[in-house]
Amino acid sequence: QALLKESGGGTVQAGGSLRLSCTADATISKGYSLAWFREPPGKEREFVAAHTWRAGDVYYERSLKGRFTITRHNANNTVYLQMNNLRPEDTALYYCAADQTGLPSSSPGIYDFWGQGTQVTVSS
């Protein structure tokens, strides 16, 4: 439960920006894929973005591409999610996850480890 830790959530007005961080314990090696998911109120967990172990190998939910950017900083074993032009429908609990295969996947079930989540609330 402490292998992944998200931070950076909060409340922001529509049109604003927010940057989420997820720091992985050393147990999570650079060979893992790291990803972001979100869980809106009353809805299922949905894929946001993923970053494989390869530099620059990133994947996005199509509807979010252009507004959200995932980056990975291996030196401190941290993955980031930059969110711009936020909308009220972006309100959700955001999770980071790690997958031992190092491959990209939009399926929550494939990921081995999860953080506790950080809340993002976008007001109009």
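Notes on the structure in this doc start here. Note that the coordinates shown come from a computational prediction; the quantities given were computed from them, not determined experimentally.

What counts as what
Residues numbered from 1 in each chain as written. Predicted model: local features only at pLDDT ≥ 70, side-chain atom pairs only at ≥ 80, totals over all residues. Heavy atoms only, no water. Buried < 20%, exposed > 50% of the residue type's maximum accessible area, 1.4 Å probe, protein only. Helix = DSSP H or I, 4+ residues; strand = E, 2+ residues; numbered from the N terminus. Pairing = 2+ DSSP bridges. Salt bridge = Lys/Arg side-chain N within 4 Å of Asp/Glu carboxyl O.

1. Structural notes on the pairing of strand 4 (residues 33-39)
Burial of strand 4 is extensive: six of the seven residues sit out of reach of the surface. Relative to strand 9 (residues 92-99), strand 4 runs antiparallel, the two being bridged by seven bridges. Note on strand 9: the bridge partner recorded for Ser-33 is Asp-99. Hairpin remark: strand 4 followed by strand 5 (residues 46-51), antiparallel, with six residues in the connecting loop; positive phi at Gly-42, about 75 degrees.

2. Quick notes on the pattern of salt bridges
Counting across every chain of the model gives four salt bridges. Here Asp-90 ties to Arg-38 by a salt bridge, and the two come within 2.9 Å at their closest N and O atoms. Placement of Asp-90 in the loop between strand 8 (78-83) and strand 9 and of Arg-38 in strand 4 is noted, with a sequence separation of 52 residues between them. Arg-38 sits in the buried class, given a relative accessible area of 7%. Between Asp-90 and Arg-67 there is a salt bridge whose closest N-O contact spans 2.8 Å. With a gap of 23 residues between them, Asp-90 in the loop between strand 8 and strand 9 and Arg-67 in the loop between strand 6 (58-60) and strand 7 (68-73) connect regions that are remote in the sequence. Using a relative accessible area of 9% as the deciding quantity, one classes Arg-67 as buried.

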